[in-house]
Amino acid sequence: MIYKRLIWQIYPSYVLVILTSLVLMFFVVSNAFQVFYLNQITADLKARTLLMQDILSPYFDRQSFDGLSQYFSLQYHEMNTRFTFVSVGGDVIADSLKDPLEMDNHSDRPEIRQALKNDWGRSVRYSSTVDTKMLYIAKSIYYQDQLLGVIRGSIPMNNLDYTLALFMKQMIFWGVVICIFTAGIGYFVSHRIRQPIHALAKGAEQYSEGNFDYHIPLSTTLEFNKLSVALNHMAQQLKDRMGTIIKTGREKDAILSNMAEGIIAVDIHQRITIMNQAAKQYFSIDEGYIGQSFHQMVKQPELTHLIDTALETQSVIDIDVSLTQPKSMTLHGHCVCLKHSTQEITGVLLVVRDVTRIEQLETMRKNFVANVSHELKTPITLIKGFLETLLRGAIHDSKEREEFLLIIQDHANRLETIIEDLLSLSRIEQESDTILDDGHVASLNQVLETAVRVCSEKAAQKQVSLHINAPLQVNIAMNVSLMEQAVINLIDNAIKYSPISDTVRIDLDATNSDILIQVSDNGCGIPNEHIPHLFQRFYRVDKARSRELGGTGLGLSIVKHIVQAHGGQVRVESVVDQGTQFYIELPGHV
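Residues numbered from 1 in each chain as written. Predicted model: local features only at pLDDT ≥ 70, side-chain atom pairs only at ≥ 80, totals over all residues. Heavy atoms only, no water.

**Points about the overall build of the protein chain**
Okay, step 1: Scanning the protein chain for helices and strands turns up 15 helices and 17 strands.
Okay, step 2: Taking all 590 residues of the protein chain together, the buried fraction comes to 39%.
Okay, step 3: For the protein chain, contacts bridging at least 24 residues in sequence account for 56% of all contacts bridging at least 6.
Okay, step 4: Carbon and sulfur atoms make up 55% of the accessible area of the protein chain, which amounts to about 34300 Å² in all. (Helix = DSSP H or I, 4+ residues; strand = E, 2+ residues; numbered from the N terminus. Buried < 20%, exposed > 50% of the residue type's maximum accessible area, 1.4 Å probe, protein only. Contact = heavy atoms within 4.5 Å. Areas by Shrake-Rupley, 256 points an atom, 1.4 Å probe, with all protein chains shown as cover.)

What follows is the structure, encoded as structure tokens:
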């Protein structure tokens, strides 16, 4: 569609009205002028004709018209008027220009017929006698109450045409001047009207593009001035409201983006309207999800069914869903219908939360309770059994009594060790944030030496040599007693699973940012499937052998928590039948 500027819609109509008015005025005035001029000439010619009527009286008295044509001819040259005297029968008796004998009968001339009938006659017609357009005035002539004929006066219309043409030229000239003048004024007025309209249009365009700081210039025209003020005020209000909306939207986006829970809102047709960052991560969705089908984007039939059920029942529904892609996790979905103030349902809000860690902790809690119960039950059952045996009479047999009491002592010691390890682990977990508050900068080399000294007796029993390789002197802020316990647990573990007459190596290395303690043995090694679970409470690779060696299943878990409390991490590398290496990595700034 072609759009025109306002000035070219108003101005041509304005000019057309002016031209139409001028043309109509031209025709009206020219016609009025022609009628006026013709009436004036007619009146003048009538006066001349009446004058000729009085002059004809002597000719009527003599009953002879000789010399009348000469007299008419003389009057023609003096008054520029042609006179003709025609009898009642139409015969020309005298004429100013031609010999009457050569002229036709004039009884059929309109002015002659009118004069004979009505006393006066007039016509404007072409004259073949003088070969020009003429104005004729005829007057009937009576003498002694007897109609004798008609006296006719005529003048050529050339003067009228010339005067009318001159008048028309002047009318056209001044009409063009007026048209140009009024057109210029009209253009100026249209331009004056267009300027404030253009300013308003520009302001509206700026506002539509979001530039609410633009100020529309005020017009001197009252109506446009009021409109400009109103639009400027409206722009300021829109700016304030848009600022509030944008601020609210950004706050909402920030809240949604930083929520750990995934938020998804769909309309009643299950097209996605809102999805936050957490939800996109849960379901591996990038962009282009707005307006798309929930089923196609999320691809979880359980959640789709959850939304369907929520829409049908209009109730709050919860469900747990297990995902395998993009990673294995368990999500808890909470679904509720969205409603307007009129209680009309507009969609569904789905909140999903990753409960994988909670499930893992719950599983760990159950396993921990089961393991603690099992670990405590075994020595308690044995102690109880041997005590019952002693009470039934074995106490009187010195050999059996001594053997049973030693067994009871071993299991009591084992029970004590388990409880002490549990208490230590609990204390470390509870005080993990404040462990370093009791610490100070100390030598890590001395910690290794103290740990080796504590474990040397047990190593000697298996003829295992402990070798420290610490070429650098390393001092860090730490809780010395806890760090010693972590290293002792690793060395003790290495001694247990090392063959007789073997070597356990303790290496200490440091860089600008990291400190590494490595405890290595050449024992039986650990299968790969067990490595991820080594630091769990009561986890044993070989349960029977672990109990036989006196392990509680808590040593490595204690190591992990001590190292984590110092801001580090512990890891393990192992090859079956070749040995195992435990690594304690500590940050250099500790």
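**Quick look at the packing of aromatic side chains**
Note on aromatic pairs: each is described by the distance of the centres and the angle between the planes.
Okay, step 1: Applying the stated rule across the entire model yields 2 aromatic pairs.
Okay, step 2: Measuring from centroid to centroid gives 5.9 Å for Phe72 and Phe83, while their planes differ by 40 degrees, and the two rings are tilted. Highlighted residues: Phe72 in helix H3 (residues 68-79) and Phe83 in strand S1 (residues 82-87), separated in sequence by 11 residues. Each member of the pair, Phe72 as well as Phe83, is classed as buried. (Phe/Tyr/Trp six-rings, centres within 6.5 Å; stacked < 30°, edge-to-face > 60°.)

**Digging into the confidence of the model for the protein chain**
Okay, step 1: Summing up the model confidence of the protein chain, the mean pLDDT is 79 and the portion of residues at 70 or higher is 88%.
Okay, step 2: Low pLDDT (under 50) marks residues 544-550, which in the prediction has 14 contacts with non-local residues, meaning those over four places away or in another chain. (pLDDT = per-residue confidence, 0-100.)

**Structural notes on the nonpolar core**
Okay, step 1: Among the nonpolar cores identified, the biggest contains 41 residues, and Leu444 and Ile491 are the most heavily contacted of them.
Okay, step 2: At the level of secondary structure, the elements contributing two or more residues to this core comprise helix H12 (444-461), strand S13 (475-478), helix H13 (480-496), strand S14 (503-510), strand S15 (514-521), helix H15 (555-565), strand S16 (569-575) and strand S17 (579-587).
Okay, step 3: Looking at this core element by element, the count peaks at 9 residues for H13.
Okay, step 4: If sequence neighbours within four positions are ignored, Ile491 has contacts with Ala451, Val452, Cys455, Leu466, Ile506 and Val519.
Okay, step 5: Grouped together as the second largest cluster of nonpolar side chains are 26 residues, Phe294, Val321, Leu323 and Val348 included. (Core = buried A, V, L, I, M, F, W, Y, C linked by side-chain atoms within 4.5 Å.)

**Considerations on the packing of H12 against H13**
Packed helices, taken two at a time, are described by the angle between their axes plus the distance between the axes.
Okay, step 1: Between H12 and H13, the shortest axis-to-axis distance is 9 Å and the interhelical angle comes to 40 degrees. Accordingly, the angle class assigned to the pair H12 and H13 is oblique. The crossing of H12 and H13 is right-handed. Contacts between H12 and H13 involve Leu444, Val447, Leu448, Thr450, Ala451, Val452, Val454, Cys455, Lys458 and Ala459 from the former and Val480, Met483, Glu484, Val487, Ile488, Ile491, Asp492, Ile495 and Lys496 from the latter.
Okay, step 2: Of the residues belonging to the contact of H12 with H13, the class tally is 14 nonpolar, 1 polar and 4 charged. (Axes fitted to C-alpha atoms, helices over the stretch in contact; angles between N-to-C directions. Parallel < 35°, antiparallel > 145°, perpendicular 65-115°, else oblique. Left-handed = near helix turned anticlockwise from the far one by under 90°. Nonpolar A, V, L, I, M, F, W, Y, C, P; charged D, E, K, R; others polar.)

**Quick word on the side chain of Ser69**
Okay, step 1: Note on placement: Ser69 falls in helix H3.
Okay, step 2: A residue is classified by how much of its surface remains accessible, and Ser69, at 18% relative accessible area, is buried.
Okay, step 3: Among the polar contacts listed, one links the side chain of Ser69 to the backbone nitrogen of Asp95, at a separation of 3.4 Å.
Okay, step 4: Residues contacting Ser69, with those up to four places away along its chain left out, are Ile93, Ala94, Asp95, Ser96 and Pro100. (Polar contact = N/O pair within 3.5 Å; in protein donor to acceptor, adjacent residues only side chain to side chain.)

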